[in-house]
Amino acid sequence: MRTEGGTPLTERVLLVESRADEGALAAMGRGLPAGSANEVALFLSYNYADVPVGRRFDCCYRRHDADDVAWVTTTVVAVTQQFARPMAAIPHGWKTLTVLRFEPGIPALIRELPEAAQWYDHPVSLHISDRATWEARAAASAARL
């Protein structure tokens, strides 16, 4: 178990691989609620800490271009894994199928993600984080230049 407080600020990022396709939702998403118009089921890569359902983030941005950022409130709505059981949190170190709510709406960065039937179909291409993490990562990146 790893807490957010025990995680360096620059590592507090949800790693997004792809959107889940209908086959993935049928096979693994039985533990997930039916999504609303502004919710998306995403395949997330290995998680940085235990992140509870209800946790909110501030933005999403491209993995290799943090300047391409969408400022959108993102809430963890539901989490499951390959066994289709609902979970109370995204566990540290796990890949999950996670429903996220985007307010006021789903940004283009998320809508443009490819769909997949499982993890590993696509590499991590987007990050979701708080503003403080985005700023810390941007500063670290600028310092390397």
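The model shown is predicted, which means the values in this text are computed figures rather than measured ones.

1. Details of the overall build of the protein chain
Stage number 1. On a plain count of helices and strands, the protein chain comes out with three helices and nine strands.
Stage number 2. The globule rule puts the C-alpha radius of gyration for 145 residues at 15 Å, and the 14 Å found for the protein chain is close to it.
Stage number 3. Dimensions along the principal axes, computed over C-alpha positions, put the protein chain at roughly 45 × 35 × 30 Å.
Stage number 4. Here the protein chain holds 145 residues, and 45% of them are scored as buried.
Stage number 5. Taking the contacts inside the protein chain whose residues are at least 6 apart along the sequence as the reference set, 75% of them involve residues at least 24 apart.
Stage number 6. On the protein chain, roughly 7100 Å² of surface is accessible, and the fraction owed to carbon and sulfur atoms is 53%.

2. What about the environment of E4?
Stage number 1. As for its position among the elements, E4 is in the segment before strand 1 (14-20).
Stage number 2. Judged by its relative accessible area of 17%, E4 falls in the buried class.
Stage number 3. Beyond its immediate chain neighbours, meaning those up to four positions away, E4 contacts R12, Y48, A49, D50, V51 and R55.
Stage number 4. Polar side-chain contacts of E4 include one of 2.7 Å to the side chain of R55.

3. Focus: the layout of surface pockets
Stage number 1. Within this model, the second largest pocket holds a volume of roughly 240 Å³.
Stage number 2. Taken together, 15 residues form the lining of the second largest pocket, with A20, L25, E39, V40 and A41 sitting closest to its centre.
Stage number 3. Counting residues per element, the ones that place at least two in the lining of the second largest pocket are strand 1, helix 1 (22-28) and strand 2 (39-44).
Stage number 4. At three residues, the largest contribution of residues to the lining of the second largest pocket is made by strand 2.
Stage number 5. Here the residues of the lining of the second largest pocket are counted per class, giving eight nonpolar, two polar and five charged.

4. Re the pattern of salt bridges
Stage number 1. Tallying each qualifying case throughout the model produces nine salt bridges.
Stage number 2. The shortest N-O distance in the salt bridge between R101 and E39 comes to 2.9 Å. Taken together, the positions of R101 in strand 7 (residues 96-103) and E39 in strand 2 put the pair 62 residues apart, joining distant regions of the chain.
Stage number 3. In this structure R101 comes out as partly exposed when scored by relative accessible area, which is 25%.
Stage number 4. Residue class for E39 comes out buried when judged on its relative accessible area of 13%.
Stage number 5. Residue E103 is joined to R56 by a salt bridge in which the shortest nitrogen-to-oxygen separation is 3.7 Å. Here the residue E103 occupies a position in strand 7, and R56 occupies one in strand 4 (residues 56-62), the gap between them amounting to 47 residues.
Stage number 6. According to the relative accessible area criterion, E103 is partly exposed, its value standing at 30%.

5. Things to note about the environment of R131
Stage number 1. Secondary-structure assignment places R131 in helix 3 (residues 131-144).
Stage number 2. Judged by its relative accessible area of 39%, R131 is partly exposed.
Stage number 3. Put simply, R131 and G29 are 102 residues apart on the chain and 30 Å apart in space, counted from C-alpha to C-alpha.
Stage number 4. With residues near it in sequence (within four places) discarded, R131 still touches D58 and W71.

6. A closer look at the pairing of strand 5 (residues 65-80)
Where a strand is regular, its side chains alternate between the two sheet faces.
Stage number 1. Sheet topology places strand 4 next to strand 5; six bridges connect them, and they run antiparallel. Considered in strand 5, the bridge of Y61 is made with V69.
Stage number 2. Taking the residues between adjacent antiparallel strands as the criterion, strand 4 and strand 5 are bridged by two residues.
Stage number 3. Where strand 5 and strand 7 come together, seven bridges link them in antiparallel fashion. Along strand 7, the bridge assignment pairs T73 with E103.

Calculation rules
Residues numbered from 1 in each chain as written. Predicted model: local features only at pLDDT ≥ 70, side-chain atom pairs only at ≥ 80, totals over all residues. Heavy atoms only, no water. Helix = DSSP H or I, 4+ residues; strand = E, 2+ residues; numbered from the N terminus. Rg over C-alpha atoms; globule rule 2.2 N^0.38 Å. Buried < 20%, exposed > 50% of the residue type's maximum accessible area, 1.4 Å probe, protein only. Contact = heavy atoms within 4.5 Å. Areas by Shrake-Rupley, 256 points an atom, 1.4 Å probe, with all protein chains shown as cover. Polar contact = N/O pair within 3.5 Å; in protein donor to acceptor, adjacent residues only side chain to side chain. 1 Å grid on protein atoms, 1.4 Å probe; cavity = no way out; pocket = protein on both sides within 12 Å on 5 of 7 lines; lining within 4 Å. Points joined across faces, edges and corners; volume = space filled by probe spheres on them. Nonpolar A, V, L, I, M, F, W, Y, C, P; charged D, E, K, R; others polar. Salt bridge = Lys/Arg side-chain N within 4 Å of Asp/Glu carboxyl O. Pairing = 2+ DSSP bridges.

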